[in-house]
Amino acid sequence: MAAPPPPAAGAPGAWGGVRRRCQRLLYWVPVLFISSILCWSYYAYVTQLCLLTMTNIGEKVVCLVAYHIFFMLFVWSYWKTIFTLPMNPSKEFHLSYSDKESLEREPRGESQQEVLRRAAKDLPIYTRTMSGAIRYCDRCHLVKPDRCHHCSVCDKCILKMDHHCPWVNNCVGFSNYKFFLLFLAYSLLYCLFIAATDLQYFIKFWTNGLPDTQAKFHIMFLFFAAAMFSVSLSSLFGYHCWLVSKNKSTLEVFRAPIFRHRTDKNGFSLGFSKNLRQVFGDEKKYWLVPVFSSLGDGCSFPTCLVNQDPEQASTPGGLNSTSKSENHLFPAKPLRDSQSHLLTDAPSWPETAAKADKGKVGMSNPALTMENET
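Residues numbered from 1 in each chain as written. Predicted model: local features only at pLDDT ≥ 70, side-chain atom pairs only at ≥ 80, totals over all residues. Heavy atoms only, no water.

Student: Whenever I open this one, the overall build of the protein chain confuses me. Can you help?
Tutor: Scanning the protein chain for helices and strands turns up 11 helices and 11 strands. The buried share of the protein chain, taken over its 374 residues, is 49%. Sequence-distant contacts in the protein chain: of pairs separated by 6 or more residues, those separated by 24 or more amount to 67%. Summing over all exposed atoms, the protein chain offers an accessible surface of approximately 19400 Å²; the carbon and sulfur share of this is 64%. (Helix = DSSP H or I, 4+ residues; strand = E, 2+ residues; numbered from the N terminus. Buried < 20%, exposed > 50% of the residue type's maximum accessible area, 1.4 Å probe, protein only. Contact = heavy atoms within 4.5 Å. Areas by Shrake-Rupley, 256 points an atom, 1.4 Å probe, with all protein chains shown as cover.)

See below:
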């Protein structure tokens, strides 16, 4: 059978494609804006300030070496944040062809609940929608992993989505959140370094202590730009440091994760040290370098539940699972080896109990319904 001809010029489909291409180009405007400021700052600092204005050779060398270190780390982390593709849920979370057909064919109700029960029963998911339903994306046709959300800009489900950042034209999530944090840190250090070393020449500008050349205007605007960006970046970086310490995403601050029987705003927090390692990894030599070292696979996360779900494996003997005063670390299985050791100092679940309850996950929840949540 011959393929259908392409839409004619002026057809709605053709105009839709042109509009999408124009939108994609416009999304790069903030990135080009940051890049242009960065290029100008390099010229203003290296050429106008260091080479043409500074007279002390030792000061020139120290400033140029330190500046290029901050500049390299800034550009490297910014590049990685922009061009690291966000991770999407693995194939295990996608509905099979037969399940998708059944979901579309059956009317909303118990039949659709049964389809989603079958799809979710062996998946390591513990969060629900506000109505207690399995988190299902009807655009991607998949059961959403914990902390996964659908990005309306990328039109994809993003693992551990934090937010869509226009300044990097990318979703910030599991695959590039560490790069984003380093980008904020090194851009802040970059601006603070420029402001600190430019301050004395900025003062000379107002006291007529600089020669009457174009360099003095670059020096003035360079200080203003560095100071203003330092203020905004310090608040943003401080906010994300707080998120890391609490093991939260920006989306989870505005809507706390909902587990099977209650909302728990600190449900994923394992303590400061483990929260930090979940983002930066175990090997400290990689913490300050823009290379991927985060723990886990992005599809399942260790969970700290105040009230343990009775549908899950029971606690070891001697522990009261209904106590509200104790926090129990609940391992969301399966976890990658690099992440499951975060729970090693917590009580381990009996293997027999885990096997006995494996078939119950996602099956005995009467509130299991499909909800189109983005």
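Student: When you look at the UniProt feature "transmembrane region" (unreviewed entry) in the protein chain in this model, what are you seeing that I'm missing?
Tutor: According to UniProt, the positions carrying the feature "transmembrane region" (unreviewed entry) are residues 25–45, 57–79, 179–197 and 217–239. Helix makes up 100% of residues 179–197 and strand 0%, and the two end C-alpha atoms of the span are 27 Å apart. Helix makes up 100% of residues 217–239 and strand 0%. Its end C-alpha atoms lie 34 Å apart. (UniProt positions renumbered as here; feature names shortened; annotations may be inferred.)

Student: How should I be thinking about helix 9 (residues 272–280) in this particular structure?
Tutor: Note that an α-helix has 3.6 residues per turn; residues three or four places apart therefore point the same way. Taken residue by residue, helix 9 has Lys274, Asn275, Leu276, Gln278, Val279 and Phe280 as its buried positions. Residue Gly281 follows helix 9 closely and has a positive phi angle near 95°.

Student: Whenever I open this one, the packing of aromatic side chains confuses me. Can you help?
Tutor: What describes a pair of aromatic rings is the distance from one ring centre to the other and the angle between the planes of the rings. One pass over the structure, following the stated rule, counts 26 aromatic pairs. Consider the rings of Tyr45 and Phe193, whose centres lie 6.0 Å apart with planes at 45°: the pair is tilted. Here Tyr45, found in helix 2 (residues 29–51), pairs with Phe193, found in helix 6 (residues 177–206); they are 148 residues apart in sequence, far enough to count as distant. For Phe193, a relative accessible area of 15% gives the class buried. Through pairs of rings, three or more aromatic residues link up here, namely Tyr42, Tyr45, Tyr67, Phe70, Phe71, Phe74, Tyr78, Phe180, Phe183, Tyr190 and Phe193. The side chain of Arg147 reaches across the aromatic face of Phe301, ending 5.1 Å from its centre. (Phe/Tyr/Trp six-rings, centres within 6.5 Å; stacked < 30°, edge-to-face > 60°. Lys NZ or Arg CZ within 6 Å of the ring centre and 35° of its normal.)

Student: What's the story with the packing of helix 3 (residues 57–83) against helix 6 in this structure? I'm lost.
Tutor: For the pair helix 3 and helix 6, the least separation of the axes is 8 Å and the interaxial angle reads 155°. Judged by the inter-axis angle, helix 3 sits roughly antiparallel to helix 6. For the element pair helix 3 and helix 6, the recorded crossing hand is left-handed. (Axes fitted to C-alpha atoms, helices over the stretch in contact; angles between N-to-C directions. Parallel < 35°, antiparallel > 145°, perpendicular 65-115°, else oblique. Left-handed = near helix turned anticlockwise from the far one by under 90°.)

Student: Quick question: what am I supposed to make of the pattern of salt bridges here?
Tutor: On inspection of all chains with the given rule, the structure shows five salt bridges. For Glu283, the salt bridge is made with Lys285, and the minimal N-O distance between the two is 3.6 Å. Accessibility expressed as a relative area gives 44% for Glu283, which makes it partly exposed. Looking at Lys285, the relative accessible area reads 59%, which means it is exposed. (Salt bridge = Lys/Arg side-chain N within 4 Å of Asp/Glu carboxyl O.)

Student: Please explain helix 6 as it appears in this structure.
Tutor: Its 30 residues place the ends of helix 6 42 Å apart at the C-alpha level, agreeing with the 44 Å of an ideal helix rising 1.5 Å per residue. Along helix 6, the sharpest change in direction is near 50° and occurs at Leu199. Helix 6 sits mainly inside the fold: 22 of its 30 residues count as buried. Just past helix 6, the residue Asn208 takes up positive phi, approximately 60°. (Expected span 1.5 Å × (residues − 1). Bend = angle between axes of the 7 residues up to and from the residue.)

Student: Sorry, what's going on with the packing of helix 6 against helix 7 (residues 215–246) here?
Tutor: Helix-helix packing is characterised by the crossing angle of the two axes and by the distance between the axes. Where helix 6 meets helix 7, the axes come as close as 7 Å, and the angle between the chain directions of the two elements is 145°. In this structure, the crossing between helix 6 and helix 7 has a hand that is left-handed. Looking at the contact of helix 6 with helix 7 residue by residue, the classes come out as 28 nonpolar, four polar and two charged. (Nonpolar A, V, L, I, M, F, W, Y, C, P; charged D, E, K, R; others polar.)

Student: Help me out: how do you make sense of unusual backbone geometry in this one?
Tutor: Excluding glycine, residues mostly have negative phi values, and the peptide bonds linking residues are mostly trans. Of note in this structure, Arg147 is not a glycine but carries a positive phi near 70°. With respect to the helices and strands, Arg147 occurs in the loop between strand 3 (142–143) and strand 4 (149–151). Residues other than glycine seldom take positive phi values, yet Asp155 does so here, at roughly 60°. Note that Asp155 resides in the loop between strand 4 and strand 5 (156–158).

Student: What's the story with the nonpolar core in this structure? I'm lost.
Tutor: One broad rule of soluble globular proteins: the nonpolar side chains tend to lie buried together. Core analysis: the largest hydrophobic core is formed by 49 residues, its most contacted members being Tyr45, Tyr78 and Tyr177. Mapped onto this core, the elements with two or more residues apiece are helix 2, helix 3, helix 6, helix 7 and helix 9. When residues of this core are assigned to their parent elements, the largest contribution, 16 residues, is made by helix 6. Other than its neighbours up to four places away in sequence, Tyr78 contacts Val31, Ile34, Ser35, Trp167, Val168 and Phe183. Core analysis: the next-biggest nonpolar cluster, separate from the first, contains 20 residues, Leu95, Leu103, Ala120 and Leu142 among them. (Core = buried A, V, L, I, M, F, W, Y, C linked by side-chain atoms within 4.5 Å.)

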